[in-house]
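# Chain and residue survey
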Amino acid sequence: MSIDFHGRVAIVTGAGGGLGKQHALALAKRGAKVLVNDLGGNVHGEGGSVSAAQAVVDEIIKAGGEAIANGASVTDYEAVQGMVKQAMDKWGRVDILVNNAGILRDKSFSKMDIADFRLVMEVHVMGAVHCTKAVWPIMQAQNYGRVIMTTSSSGLYGNFGQSNYGAAKMALAGMMQTLSIEGEKYNIRVNSLAPTAATRMTEGLMPEAVLKALEPQAVVPAMLVMACEDAPNRTIMCAGAGSFEVANITLTQGVHLGVSDDTPEQLLAAMSQVTDRTGELVPGSGSGQGSLEVGKAMAAHKS
């Protein structure tokens, strides 16, 4: 099957360099019209210029594609609405949103300023909220949409010095879980991408050979699959160095103990059974947890 985006319009945030730039170039190469958004700030979110986004647009146009630049900050909802209007005025639709914009403010939690925690949450989480909220009614009306959240192994599994970044990235996976359910009847599919890629954010953190293996281009195929017509829904795809995996938030079978004065002691003694991953589930929605628990309780009462 050939993945083709002719007739589709994509918005990619944080696309002035690194992974976002590669996303924009790849979508344009396969026929999409692309709005390239980038604030033009540094990795810490400081400064701003539309020149980075415009350079990517120039590259797309030079290759025969169609693109426009936008320098809005994703933290500014009015500016984001203006960005979406820019795409609508130019092309009349928005089919794909890649929420890629982000910053880093790394520090151990004990040393982290609360303002740095808040700003990272604002850019990653509220930035994705703003962009998704702005395109959502358009996608509902046209009965088609593909939304990609950029999550991270730092959120899924933790990483020293990234409590703010990890919290933000896990929040995006949580938002994806619900939006994928709400969007399904409108043919809006929502997925998350957890990339391992060498970008401005990873410079100086890894050996040169490792950085070369982790070129951003190696992540792009996962984005293209999640952006295409045959995209999955509610999938956390991990990608790096040409390898691809899926992460799942699972639920163990656990144990029913009932409620009594010594239930805490029983639970402590049964922790090896509670944490046993044999037969673990991937619930279809949040109600899956309650269904499992009530089912075990009913079975216990019958016996």
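Read on for a plain summary of the structure.

How each quantity is defined
Counting starts from 1 at the beginning of each chain's written sequence and moves along it residue by residue. Reporting in this predicted model follows two pLDDT cut-offs: at least 70 for local features of residues, and 80 or more for side-chain atom pairs to be given and counted; totals over whole chains, interfaces and linings ignore these cut-offs and use all residues. The side-chain quantities take in all heavy atoms of the structure and omit both hydrogens and water. Runs of E in the DSSP output that reach at least two residues are strands. Runs of H or I that reach at least four are helices, and both are numbered from the N terminus. Both definitions apply: the radius of gyration is a C-alpha atom measure, and the globule rule equals 2.2 Å times residues to the power 0.38. The contact definition used throughout considers only heavy atoms, calling two residues in contact when any of these lie within 4.5 Å. For the accessible areas, the method is Shrake-Rupley and the probe is 1.4 Å, while residue cover comes only from the protein chains on display. A positive count includes Lys and Arg, and a negative count includes Asp and Glu. His and the chain ends are not counted in either. Just so you know, the charge point we use is NZ for Lys, CZ for Arg, CG for Asp and CD for Glu. Pairing between two strands requires that DSSP report at least two bridges joining them. Between N-to-C directions, angles span 0 to 180 degrees; the directions come from axes that are lines fitted to C-alpha atoms, helices contributing only their stretch in contact. If an angle is under 35 degrees, it is roughly parallel; if it is over 145, roughly antiparallel; if it lies from 65 to 115, roughly perpendicular; otherwise it is oblique. If you view the pair so one helix is near and one far, a crossing is left-handed when the near helix is turned anticlockwise from the far one by less than a right angle, and right-handed when it is turned clockwise. By definition here, a salt bridge exists when the distance from a side-chain nitrogen of Lys or Arg to a carboxyl oxygen of Asp or Glu is within 4 Å. Under the scheme applied here, a residue whose accessible area is under 20% of the maximum for its type counts as buried, over 50% as exposed, and between as partly exposed, the area being computed with a 1.4 Å probe on protein chains only. Pairing of aromatic side chains here covers Phe, Tyr and the six-membered ring of Trp, requires ring centres within 6.5 Å, and sorts the geometry by plane angle: under 30 degrees stacked, over 60 edge-to-face, intermediate tilted. In our convention, an over-ring charge means Lys NZ or Arg CZ found within 6 Å of a ring centre and within 35 degrees of that ring's normal.

### Thoughts on the overall build of the protein chain
Secondary structure summary: the protein chain contains eleven helices and eight strands in total. Relative to the 2.2 N^0.38 estimate, which gives 19 Å for 303 residues, the radius of gyration of the protein chain is 21 Å and therefore close to what a compact globule would have. Over its C-alpha atoms, taken along the principal directions, the protein chain stretches across nearly 70 × 45 × 35 Å. Put simply, of all contacts in the protein chain between residues at least 6 apart along the chain, 70% involve residues at least 24 apart. Taken as a whole, the protein chain presents about 15000 Å² of accessible surface, with 55% of it coming from carbon and sulfur. Charge centroids of the protein chain, computed over 24 positive and 28 negative side chains, lie 6 Å from each other.

### Here we look at the sheet that holds strand β1 (residues 9–12)
Strand order in the open sheet formed by eight strands is β3-β2-β1-β4-β5-β6-β7-β8, and the pairing between neighbours is mixed. Strands with a single pairing partner mark the edges of an open sheet, and in this sheet they are β3 (66–70) and β8 (243–247). Across the sheet, the mean angle from the axis of one strand to that of its neighbour is 20 degrees, orientation sign disregarded. In terms of strand pairing, strand β4 (residues 96–99) meets strand β5 (residues 145–150) through four bridges, oriented parallel. Counted as the bridge partner of V98 is I148 from β5. Here helix α4 (residues 114–142) sits on the sheet in contact with β1, β4, β5 and β6 (188–196), set at roughly 170 degrees to β4.

### Some points on the packing of helix α1 (residues 18–29) against helix α2 (residues 51–62)
Where α1 contacts α2, the axes come no closer than 10 Å and their chain directions differ by 25 degrees. Looking at the two axes, α1 sits roughly parallel to α2. For the pair α1 and α2, the sense of crossing is right-handed. For the pair α1 and α2, the contacting residues are K21, A24, L25 and A28 in the first and V56, E59 and I60 in the second.

### Remarks on the pattern of salt bridges
The tally for this structure, following the rule as stated, stands at seven salt bridges. A salt bridge links D95 to R8, with the shortest nitrogen-to-oxygen separation between them at 3.2 Å. Taken together, the residues span a long stretch of sequence, with D95 in the loop between α3 (77–91) and β4 and R8 in the segment before β1 at a distance of 87 residues. We note that D95, like R8, is buried. When salt bridges that share partners are traced, they join R8, R93, D95 and E229 into one network.

### Some remarks on the packing of aromatic side chains
Scanning all chains against the criterion turns up one aromatic pair. Between F109 and F117, the ring centres sit 6.3 Å apart and the planes meet at 80 degrees, which makes this aromatic pair edge-to-face. Residue classification places F109 among the exposed positions, given a relative accessible area of 60%. Directly above the ring of Y144 sits R8, whose terminal nitrogen or CZ lies 3.7 Å from the centroid.

### Examining the pairing of strand β7 (residues 236–240)
Each regular strand shows side chains that alternate between the opposite faces of the sheet. The element β7 is largely enclosed, with a buried count of five among its five residues. Alternating positions in β7 separate into two faces, I236, C238 and G240 on one and M237 and A239 on the other, with burial throughout. Of the strand pairs in this sheet, β6 and β7 are connected by five bridges, and their pairing is parallel. Bridging across to β7, P195 finds its partner in A239. Examined bridge by bridge, β7 and β8 share five bridges and lie antiparallel to one another. Bridge pairing in β8 links M237 to V246. Following β7, the chain reverses through two residues before pairing antiparallel with β8; A241 in that reversal takes a positive phi of roughly 60 degrees.

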